[in-house]
Amino acid sequence: MKEEPLTRSFDALRKRMVEEQLGRRDISDARVLEAMGTIPRELFVPPGQQSEAYTDGPLSIGYEQTISQPYIVASMTQALKIGPASRVLEIGTGSGYQTAVLCHICAHVYSVEIVPELHKQATTLLKKLGLGNVTARLGDGSAGWPEEAPFDGILVAAATPKVPPALLEQLGLAGRLIIPICRSGDHQELKLFQRLPHGIETRTLYDVRFVPLRGDAESANP
Ligand code: SAH
C-alpha cells in the first residue's frame, strides 16, 4: 500500500524525538524507547496541533488539561521498572498517550479519568489503535481501583499535596508509585514510592509541573 507523505514525516519526527529528547537524556529502557518510537503521538493531540505533536514540551488538549511532554512520559514510565508481566494503574488518562505507552509494555493497564469527554475520546482512540489490554473508567482516581489491586506500578499524572492513602494501599510488594507532589506555591516534586517488605521507601526525583489532581479536597476548597 502506498504510504501517505504525512505519515512518513510523522515517522521521521517520532524517530528524532526518541533520539534527541529521550536517548540523549537519561532514557535507556529499551521497552520505553521502543514503545515511544511506535505509538503515533500525533493522534493524541488536538487535530489543529498535530504538527507540534513531537515538540519537546506539553500541549493543551482542552478542558484545561495537557498531554505530558514526551520526556516526562518516558521518564515516569522508566522509573516504574515495569515489564510484560506487570499490571499497572494510571490516574489521569487525559489524551490516552501515556496509557498507550503503558499498554505497549505491560500485561494490563487500568486507567481512571475524571473528565467525561477526555475519558470518551481516549477510550475511542485506544480501541481504534487496537490496544486491547486496557480497562478505562470514568471517576475520581484518588480511590484507586481496589477490585483490581494490588498493582505492580501506579502512575499519577496530576499533582496533589498528599499521596492518596488508597493508592499506597493498592501497591503490591516491590510495586512502585510515581506521583507529582505539590510543595509551596507552584513548586511540585516528582516522588517515587516503593513497597518493600519492611515498609515504604520514598525518593524525590526532580521538579515538575502538572495539572492539579481534582476531587474531594478541591470541592471542599472552591
Ligand atoms: N498522561 C496524560 C496526562 C493528562 S493531564 C497525557 O499525557 O495525556 C492529567 C489528567 O488527570 C487530566 O486529564 C485530568 O482530567 C485528570 N485528573 C485530574 N484529577 C483526576 C482525578 N482525581 N481522577 C482521575 N483523573 C484526574
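Treat the numbers as computed from the prediction; the structure is a model and nothing was measured. (Residues numbered from 1 in each chain as written. Predicted model: local features only at pLDDT ≥ 70, side-chain atom pairs only at ≥ 80, totals over all residues. Heavy atoms only, no water.)

If you look at the biggest cluster of nonpolar residues, it comprises 47 residues, and the most contacted ones within it are Leu22, Met36, Phe44, Tyr97, Val101 and Ile178. Those elements that place two or more of their residues in this core are α1 (5–23), α2 (30–38), β1 (59–62), α3 (70–80), α4 (97–105), α5 (116–128) and β8 (188–196). It is α3 that provides the largest number of residues to this core, a total of seven residues. The contact partners of Val101, leaving out residues within four places of it in the chain, are Ala35, Met36, Ile39, Val73 and Thr77. With 18 residues, the next largest nonpolar core counts Tyr110, Phe151, Ile181 and Leu213 among its residues. (Core = buried A, V, L, I, M, F, W, Y, C linked by side-chain atoms within 4.5 Å. Buried < 20%, exposed > 50% of the residue type's maximum accessible area, 1.4 Å probe, protein only. Helix = DSSP H or I, 4+ residues; strand = E, 2+ residues; numbered from the N terminus. Contact = heavy atoms within 4.5 Å.)

Between α3 and α4, the least distance of the axes is 11 Å, while the angle of their chain directions is 40 degrees. By crossing handedness, the relation of α3 to α4 is classed as right-handed. Of α4, the residues touching α3 (which contributes Val73, Thr77 and Leu80) are Tyr97, Gln98, Val101, Leu102 and Ile105. Each residue belonging to the contact of α3 with α4 can be placed in one class, and the counts come to six nonpolar, two polar and no charged. (Axes fitted to C-alpha atoms, helices over the stretch in contact; angles between N-to-C directions. Left-handed = near helix turned anticlockwise from the far one by under 90°. Nonpolar A, V, L, I, M, F, W, Y, C, P; charged D, E, K, R; others polar.)

A few words on the pairing of strand β4 (residues 108–113). With six of its six residues buried, β4 lies for the most part within the structure. Side chains His108, Tyr110 and Val112 of β4 all project onto a buried face; the interleaved residues Val109, Ser111 and Glu113 project onto the opposite face, where all are buried too. Relative to β4, strand β3 (residues 87–91) is paired through five bridges, and the arrangement is parallel. Paired with Val88 across the bridge in β4 is Val109. Since β3 and β4 lie parallel, the crossover through α4 that links them has a hand, and here it is right-handed. (Pairing = 2+ DSSP bridges. Right-handed = clockwise from strand over helix to strand, strands pointing away.)

What follows is about the site of the ligand. Surveying the vicinity of the ligand reveals 24 residues, the closest of which are Ser95, Glu113, Asp140, Gly141 and Arg214. In this structure, Ser95 approaches the ligand through a side-chain N or O atom, which is 2.6 Å from an oxygen atom. With respect to the ligand, the backbone of Gly141 contributes an N or O atom lying 2.7 Å from a nitrogen atom. Contact with the protein chains covers 100% of the free accessible surface of the ligand, which is 580 Å². Here the shell around the ligand gets three residues from one element, more than from any other, and that element is strand β2 (residues 65–67). A breakdown of the residues in the shell around the ligand according to their chemical character gives ten nonpolar, eleven polar and three charged. (Near = heavy atom within 4 Å. Polar contact = N/O pair within 3.5 Å; in protein donor to acceptor, adjacent residues only side chain to side chain. Areas by Shrake-Rupley, 256 points an atom, 1.4 Å probe, with all protein chains shown as cover.)

Another point: unusual backbone geometry. The residue after Ala149, namely Pro150, is reached through a cis peptide bond having omega 5 degrees. For Pro150, the position within the fold is in the loop between β5 (134–138) and β6 (151–156). In the Ramachandran plot, Tyr63 falls in the positive-phi region, its phi being about 55 degrees despite a non-glycine side chain. Backbone geometry places Lys81, a non-glycine residue, at a positive phi of 50 degrees. Inspection of the secondary structure assignment puts Lys81 in the loop between α3 and β3. Using a relative accessible area of 61% as the deciding quantity, one classes Lys81 as exposed.

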